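Structural characterization, general
One-letter residues, chain by chain:
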Amino acid sequence: MKVIRVSDYAELSRKAADLIAEEIREKPDCVLGLATGSTPEGTYKQLVAEYEAGKLDFSRVRTVNLDEYRGLPGSHPQSYRYFMDTHLFSRININKKNTFIPDGLAPEKEECEEYEKRILSLGGIDLQLLGLGRNGHIGFNEPGTSFIMETHPVKLTSSTIQANARLFNDPEEVPRRAVTMGIGTIMSAREILLIVNGEDKAEALQKALYGPVTPSCPASILQDHPALTVIADEEAFREIQACGS
Ligand code: GLP
């Protein structure tokens with residue numbers, strides 16, 4: 001595991017974007033696994049800036065996203081499709097046909113199987129970007145999820161519903177279900193880049209990187225990945241300093 005400690009969110013975003021840009025330059029038709037949430041917003045902003053400066057070409061890049069809420073169409077402002085279109089895809093020269101996100105309205109079981117086949121047909125994921133949930137979740141793999149799962153439907157925990165309610169007009173609108181790549185799918189990526197910022201993630205980060213590898217902290221399995229890079233800021237490192245890990 002390679003751990004990069006940064007002072008703040010701006011530096012985290014620059015460093016994460018640099019690693020993604022490097023991957024695209026080395027392999028112009030790479031398959032990027034992408035994430036949503038507040039954490040990667042700055043990274044996407046940096047990538048857009050690089051593209052606008054003429055330093056990055058996304059024309060052959062393919063992407064697969066981690067997850068999507070059930071029941072929201074891609075046109076819904078809180079759907080992850082909408083998030084990716086507005087923060088990244090509509091601002092760069094990627095072919096939208098090469099951007100894949102689970103369809104929140106398609107029949108659940110079939111969609112999961114199709115999504116897994118899609119990833120395989122693309123040749124697998126070269127670099128998977130991940131954020132970290134406050135309870136240690138990755139994608140929407142909540143505590144207790146088996147490490148070998150492929151793409152599957154999930155029932156969100158109340159802590160995740162609560163954490164994500166800030167983005168909805170009414171907390172009642174937060175979907176209760178989602179479809180997510182499984183931990184097995186995530187672990188099959190050739191490289192993983194985990195980005196974490198803020199004090200509210202400090203405990204989860206400590207458990208993920210230095211705690212026991214256990215389904216009760218889904219991100220702890222990342223310790224076993226052969227090519228994991230973690231970029232986290234000082235605030236997120238707070239617990240790790242405190243316990244001297
Ligand atoms: C959501 C997403 C995750 C994301 C996590 C953290 O539940 N499904 O993929 O990593 O929350 O989000 P944030 O970066 O907003 O803290």
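See the structure shown above.
These lines cover the structure that appears in this document, whether it is placed above or below.

1. Digging into the packing of helix H2 (residues 41-52) against helix H3 (residues 80-87)
- Packing of H2 against H3 brings their axes to within 10 Å, and their N-to-C directions diverge by 35°. Contact residues: H2 offers Glu 41, Tyr 44 and Val 48, while H3 offers Phe 83, Met 84 and His 87.
- A per-class count over the contact of H2 with H3 returns four nonpolar, one polar and one charged.

2. A look at a nonpolar patch on the surface
- Taken together, the side chains of Met 1, Val 3 and Tyr 210 make up a nonpolar region of the molecular surface, amounting to roughly 260 Å² of accessible area.
- Here Tyr 210 shows up in helix H7 (residues 202-210).
- The partly exposed category is assigned to Tyr 210, whose relative accessible area is 36%.

3. Section: the pattern of salt bridges
- A full pass over the atoms with the stated rule returns 13 salt bridges.
- Across the salt bridge formed by Arg 70 and Glu 108, the nearest N and O atoms sit 3.3 Å from each other. With Arg 70 in the loop between strand S4 (67-69) and H3 and Glu 108 in helix H4 (residues 108-121), this pair connects stretches of sequence that are 38 residues apart.
- Relative accessible area serves as the criterion here: at 18%, Arg 70 is assigned to the buried category.
- Judged by its relative accessible area of 22%, Glu 108 is partly exposed.
- Each of Lys 27, Asp 126 and Arg 190 takes part in a single network of salt bridges with overlapping partners.

4. Considering the pairing of strand S10 (residues 228-233)
- Burial within S10 is extensive, with six of its six residues counted as buried.
- Side chains of S10 alternate between two faces, with Leu 228, Val 230 and Ala 232 and Thr 229, Ile 231 and Asp 233 buried alike.
- Relative to S10, strand S9 (residues 191-196) runs parallel, the two sharing five bridges. Residue pairing for S10: Val 196 is matched across the bridge by Ala 232.
- Crossover connection from S9 via H7 to parallel S10: handedness right-handed.

5. Notes on the site of the ligand
- The local shell around the ligand holds 15 residues, among which Ser 38, Thr 39, Asp 67, Phe 140 and Lys 201 are the closest.
- Between the ligand and Arg 166 there is a distance of 3.1 Å, counted from an oxygen atom to a side-chain nitrogen or oxygen.
- Lys 201 is positioned such that a nitrogen or oxygen atom in its side chain is 2.7 Å from an oxygen atom of the ligand.
- In isolation the ligand exposes 390 Å². Once the protein is present, 95% of that is buried.

6. A few points about the pairing of strand S8 (residues 177-180)
- Pairing of S4 with S8 involves three bridges; the strand directions are antiparallel. Bridge pairing in S8 places Glu 68 opposite Val 179.
- Sheet topology note: the strand S7 (residues 152-155)/S8 ladder contains four bridges and is antiparallel. Bridge pairing in S8 links Pro 153 to Val 179.

7. Points about the environment of Pro 107
- With respect to the element layout, Pro 107 can be found in the loop between strand S5 (99-100) and H4.
- Judged by its relative accessible area of 53%, Pro 107 falls in the exposed class.
- Between the C-alpha atoms of Pro 107 and Arg 70, which are 37 residues apart in sequence, the distance is 9.8 Å.

8. Concerning the sheet that holds S9
- A sheet is described by the order of its strands in space; here seven strands give the open sequence S1-S10-S9-S6-S2-S3-S5, paired in parallel fashion. The open sheet terminates on both sides in strands that have one partner only, identified here as strand S1 (2-6) and S5.
- Pairing of strand S3 (residues 62-65) with S5, which is carried by two bridges, proceeds in the parallel orientation. Counted as the bridge partner of Val 64 is Phe 100 from S5.

Quick notes on the rules
Residues numbered from 1 in each chain as written. Predicted model: local features only at pLDDT ≥ 70, side-chain atom pairs only at ≥ 80, totals over all residues. Heavy atoms only, no water. Axes fitted to C-alpha atoms, helices over the stretch in contact; angles between N-to-C directions. Helix = DSSP H or I, 4+ residues; strand = E, 2+ residues; numbered from the N terminus. Contact = heavy atoms within 4.5 Å. Nonpolar A, V, L, I, M, F, W, Y, C, P; charged D, E, K, R; others polar. Patch = residues over 30% accessible without salt bridge, like charges linked within 9 Å, V, L, I, M, F, W, Y side chains within 5 Å. Areas by Shrake-Rupley, 256 points an atom, 1.4 Å probe, with all protein chains shown as cover. Salt bridge = Lys/Arg side-chain N within 4 Å of Asp/Glu carboxyl O. Buried < 20%, exposed > 50% of the residue type's maximum accessible area, 1.4 Å probe, protein only. Pairing = 2+ DSSP bridges. Right-handed = clockwise from strand over helix to strand, strands pointing away. Near = heavy atom within 4 Å. Polar contact = N/O pair within 3.5 Å; in protein donor to acceptor, adjacent residues only side chain to side chain.

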